[in-house]
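Overview (structure and organization)
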Amino acid sequence: MWRWLHPYAKPEVVYRLLGRWLPWVSIGAAAVLATGLVWGLAFAPADYQQGDSYRIIFVHVPTAMFSMSLYIAMAVAAFVGRVWQLKMADWALAAIAPIGIVFTFISLFTGAVWGKPMWGTWWEWDARLTSQLILFFLYIGVLALYHAFSDNRTGAKAAGILAMVGVINIPIIRYSVDWWNSLHQGATLTVFERPPMANSMLIPLLTCMLGFALLAGALVMQRMRNEILRQELRRPWVKMELQQGEQA
Amino acid sequence: MQATSWQALQAVMRRDLMVVMRRRSDVLNPLLFVLMVVTLFPLAVGPGPDILGRIAAGVIWVAALLSALLGSERLFREDYLDGTLEQLTLQPQPLALLAFGKVAVHWLLSGLPLVILAPLCALLLKLPLEGWSALVATLLVGTPILSAVTAIGAALTVSLGRGGALLSLLLLPLFIPLLIFASGAVEAALVGTEAWPQVLLLAGLSLLTLLLSPFAVAAAIRVSVN
């Protein structure tokens, strides 16, 4: 496996590979996301209870899901960077974190917008909201630590340790807040327990999920390319790459 | 002759105790800070026992979290500056074990005094008597988590010099589950149900943290001294 994987530890190989994939993933993301969103926002039937405001689901659920997945991906990258000392993994951490922050923020924001007409409040201290907010803080902490050091390597390693510590925390947060909530009150949460969805809503939702996954992938790939260029700025291959870009 | 791991652990702990004992203000100041925060609340929200008693446990716990942040510099800063930390990484004994020794001493001098101070704070904040045992129990099993997690953050930021605000950003999210369980336990005691399940869960969490955190601290120290 190492023989096969070894070339991918070289920055220029990864850079070019990502460059080849990026257009396809971007086009795919744009196409699928446009289909899913237009379908969901304009053509899917309105909910019999919530009317049209349920349509926030097509943005809210995918971003919320992938905010978690991106954190786990970031922690895996941190683990790989820690164990096998691949600098590429360290850079992946820096590439993923900002996307994760934005996804988490979008899910929080759309959640608040959805909460106002449905629950009558922008914010409620219940299980999911709180855990999502903590995730947001964790992301910010990782990113802040990454940029706090003047030496990039040290920053990446430190941020990686924090990301791994944080991932242990994620299930704990979920359960602890559930407990806490059940002790105080559990009224608002029932909104989440909707009846099983009709296909006419489910299919656009799944399309949106795929679209957001592709979008996250494309954004991470682009950021990864930028990070590689930034870190390898003094290397000859970057110079050659940039010159070729100018000629083309 | 090479010292055994046990001897090295003892040596680290004895040294840390001695260092702190020669500068007692480092131990006293965070405790005074907790006392000050507790004093501020009756002035801020009014001295009525109905309000104070309800928020007492939460206030004491938040004060404990903040004082842990305040005292976190003490853990590794001096050792980093005078090179002790680098010497520790060069020891043949596992660094995680030595880190555990430092965490243990830190708890002994910051967590344990807080547990002892808690009844006084509870009295000042008029916490109903039913909540006292739960409060002390949660502090007793919860403060080791504070020390252990603070140590991770302190080790990560020790080479930065100006880690204060960053440290709170890193650590407070990790403290939230602790806060939730602890205040939940006291709340349960106040409404007359069993607080023990939550205290035991907190104790389990505490043991898990004590088991795993030394490795994270050791990794963070290695990153910082490089």
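Residues numbered from 1 in each chain as written. Chains lettered and ligands numbered in written order. Predicted model: local features only at pLDDT ≥ 70, side-chain atom pairs only at ≥ 80, totals over all residues.

1. With respect to the overall build of chain A
From N to C terminus, chain A includes eight helices and zero strands. In sequence order, the secondary structure elements of chain A are arranged as α-α-α-α-α-α-α-α. Within the span of chain A, comprising 248 residues, buried residues form 37% of the whole. Pairs at least 24 residues apart make up 78% of the contacts formed inside chain A by residues separated by at least 6 positions. (Helix = DSSP H or I, 4+ residues; strand = E, 2+ residues; numbered from the N terminus. Buried ≥ 20, exposed ≤ 12 C-beta atoms within 10 Å, placed from the backbone. Contact = placed C-beta atoms within 7 Å.)

2. Thoughts on the confidence of the model for chain A
The predicted model of chain A has a mean per-residue pLDDT of 80, with 84% of residues at 70 or higher. Contacts from residues 182-192 of chain A, a stretch scored under 50 in pLDDT, to residues over four places away or in other chains number 11 contacts. (pLDDT = per-residue confidence, 0-100.)

3. Structural notes on the interface of chain B and chain A
Tallying the contact residues gives 20 residues for chain B and 23 residues for chain A. Residue assignment for the side of chain B that touches chain A shows that the elements contributing at least two residues are α7 (132-157), α8 (164-190) and α9 (196-225) of chain B. Counting residues per element, the side of chain B that touches chain A draws most heavily on α8 of chain B, which supplies 12 residues.

4. Some words on the nonpolar core
Within soluble globular proteins, side chains that are nonpolar generally end up buried alongside one another. Ranked by internal contacts, the top residues of the largest apolar core, which has 125 residues, are Leu-93 of chain A together with Ile-60 and Ala-220 of chain B. Counting residues per element, this core draws most heavily on α7 of chain B, at 14 residues. Those residues within four positions of Ala-220 of chain B in sequence are excluded, and the remaining contacts are Ala-158 and Ile-161 of chain A together with Ile-152, Ala-155 and Leu-156 of chain B. (Core = buried A, V, L, I, M, F, W, Y, C linked by C-beta atoms within 7 Å.)

5. Let's talk about the UniProt feature "transmembrane region" (unreviewed entry) in chain A
Residue and element names in this part refer to chain A. Using the residue numbers shown here, the UniProt feature "transmembrane region" (unreviewed entry) corresponds to residues 21-44, 56-80, 92-115, 127-146, 158-177 and 197-221. Within the segment residues 21-44, helix and strand shares are 96% and 0% respectively, and the terminal C-alpha atoms sit 32 Å apart. Along residues 92-115, the helical share is 100% and the strand share 0%, with 34 Å between the first and last C-alpha atoms. (UniProt positions renumbered as here; feature names shortened; annotations may be inferred.)

6. A word on the environment of Ala-189 of chain B
Residues and elements named next belong to chain B. Assignment of secondary structure puts Ala-189 in helix α8. Classification of Ala-189 by C-beta neighbours within 10 Å gives buried; the count is 26. In this structure the C-alpha to C-alpha distance between Ala-189 and Ala-3, which are 186 residues apart in sequence, comes to 48 Å. Setting aside residues no more than four positions away along its own chain, Ala-189 makes contact with Glu-130, Gly-131, Ala-134 and Ala-195.

7. A few points about the packing of helix α4 (residues 73-81) of chain B against α7 of chain B
All names here are of chain B. Where α4 contacts α7, the two axes come as close as 8 Å, and the packing angle between them is 35°. In the packing of α4 onto α7, the handedness of the crossing is right-handed. Taken together, the residues of α7 that come into contact with α4 (itself represented by Glu-73, Leu-75 and Phe-76) are Thr-150, Ala-151, Ala-154 and Ala-155. Per-class residue counts for the contact of α4 with α7 are five nonpolar, one polar and one charged. (Axes fitted to C-alpha atoms, helices over the stretch in contact; angles between N-to-C directions. Left-handed = near helix turned anticlockwise from the far one by under 90°. Nonpolar A, V, L, I, M, F, W, Y, C, P; charged D, E, K, R; others polar.)

8. What to know about helix α3 (residues 49-70) of chain B
Residues and elements named next belong to chain B. Between its first and last C-alpha, α3 extends 29 Å over 22 residues, near the 32 Å set by a 1.5 Å rise per residue. For α3, the principal kink sits at Ala-56 and spans about 50°. Where α3 is concerned, the buried positions are Ala-56, Ala-57, Val-59, Ile-60, Trp-61, Ala-63, Ala-64, Leu-65, Ser-67, Ala-68 and Leu-69. (Expected span 1.5 Å × (residues − 1). Bend = angle between axes of the 7 residues up to and from the residue.)

9. A word on the packing of helix α4 (residues 87-119) of chain A against helix α7 (residues 199-231) of chain A
Residue and element names in this part refer to chain A. Where α4 contacts α7, the axes come no closer than 8 Å and their chain directions differ by 140°. It follows that α4 is oblique to α7 by the angle criterion. Crossing angle aside, the handedness with which α4 passes α7 is right-handed. Contacts between α4 and α7 involve Trp-91, Ala-92, Ala-94, Ala-95, Ile-96, Pro-98, Ile-99 and Phe-103 from the first element and Ala-216, Leu-219, Val-220, Arg-223, Met-224, Glu-227, Ile-228 and Gln-231 from the second. Taken together, the residues of the contact of α4 with α7 sort by class into 13 nonpolar, one polar and two charged. (Parallel < 35°, antiparallel > 145°, perpendicular 65-115°, else oblique.)

10. Thoughts on the environment of Ala-112 of chain A
Residues and elements named next belong to chain A. By the element assignment, Ala-112 lies in helix α4. Owing to 16 C-beta atoms within 10 Å, Ala-112 belongs among the partly exposed residues under this scheme. Residues Ala-112 and Val-165, spaced 53 residues apart in sequence, show a C-alpha to C-alpha distance of 29 Å. Leaving out residues up to four positions away in the same chain, Ala-112 has contacts with Trp-122 and Trp-123.

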